[in-house]
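# Breakdown of the fold
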Amino acid sequence: MIQKRIAQWAVMAVAVPLAAAGARRLSHTLEARRGPSGATRLLTRGADLIRPQKAKRRRFF
């Protein structure tokens, strides 16, 4: 029971942020090569759904 919870936590803490970062990076790479398209917007929107706080670039200075 505890091992299952630890595994779920590990997925949420590690795999989900990595997937969001990968989707965002892929979107930026594709946009740089081919320009904006529906696929790149979809990738960016999906990354924002997974990690919305990363979408906001907060500047404190």
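This section reports on the structure supplied with the text.

Conventions we followed
- Residues numbered from 1 in each chain as written.
- Predicted model: local features only at pLDDT ≥ 70, side-chain atom pairs only at ≥ 80, totals over all residues.
- Heavy atoms only, no water.
- Axes fitted to C-alpha atoms, helices over the stretch in contact; angles between N-to-C directions.
- Helix = DSSP H or I, 4+ residues; strand = E, 2+ residues; numbered from the N terminus.
- Parallel < 35°, antiparallel > 145°, perpendicular 65-115°, else oblique.
- Left-handed = near helix turned anticlockwise from the far one by under 90°.
- Contact = heavy atoms within 4.5 Å.
- Nonpolar A, V, L, I, M, F, W, Y, C, P; charged D, E, K, R; others polar.
- Salt bridge = Lys/Arg side-chain N within 4 Å of Asp/Glu carboxyl O.
- Buried < 20%, exposed > 50% of the residue type's maximum accessible area, 1.4 Å probe, protein only.
- Expected span 1.5 Å × (residues − 1).
- Bend = angle between axes of the 7 residues up to and from the residue.
- Polar contact = N/O pair within 3.5 Å; in protein donor to acceptor, adjacent residues only side chain to side chain.

Right, let's get into the packing of helix α1 (residues 2–34) against helix α2 (residues 38–50). Interaxial distance between α1 and α2 falls to 8 Å at its minimum, and their mutual angle equals 155 degrees. With respect to their mutual orientation, α1 and α2 come out roughly antiparallel. Helix-helix and strand crossings are classified by hand; for α1 and α2 the assignment is left-handed. Where α1 abuts α2, its residues Val16, Ala20, Ala23, Arg24, Leu26, Ser27, Leu30 and Glu31 lie against Thr40, Leu43, Thr44, Ala47, Asp48 and Ile50. Broken down by class, the residue content of the contact of α1 with α2 amounts to 8 nonpolar, 3 polar and 3 charged.

Here we come to the pattern of salt bridges. One pass over the structure, following the stated rule, counts 1 salt bridge. We note a salt bridge from Arg24 to Asp48, for which the minimum N-O separation is 2.6 Å. Within this pair, whereas Arg24 is found in helix α1, its partner Asp48 is found in helix α2, the two being separated by 24 residues in sequence. On the basis of relative accessibility, which here comes to 11%, the residue Arg24 falls in the buried class.

Given a rise of 1.5 Å per residue, 33 residues ought to cover 48 Å, and the 47 Å separating the end C-alpha atoms of α1 matches this to within 8%. Where α1 bends most, the angle comes to about 30 degrees, and this point is Val11. Those residues of α1 that sit buried are Pro17, Ala20, Ala23, Arg24 and Ser27. Backbone geometry just downstream of α1 places Gly35 in the positive-phi region, at approximately 90 degrees.

Moving on, we get to the side chain of Thr40. Relative to the helices and strands, Thr40 resides in helix α2. Classification of Thr40 by relative accessible area gives buried; the value is 1%. Within the structure, Thr40 has its side chain in polar contact with the side chain of Glu31 (distance 3.3 Å).

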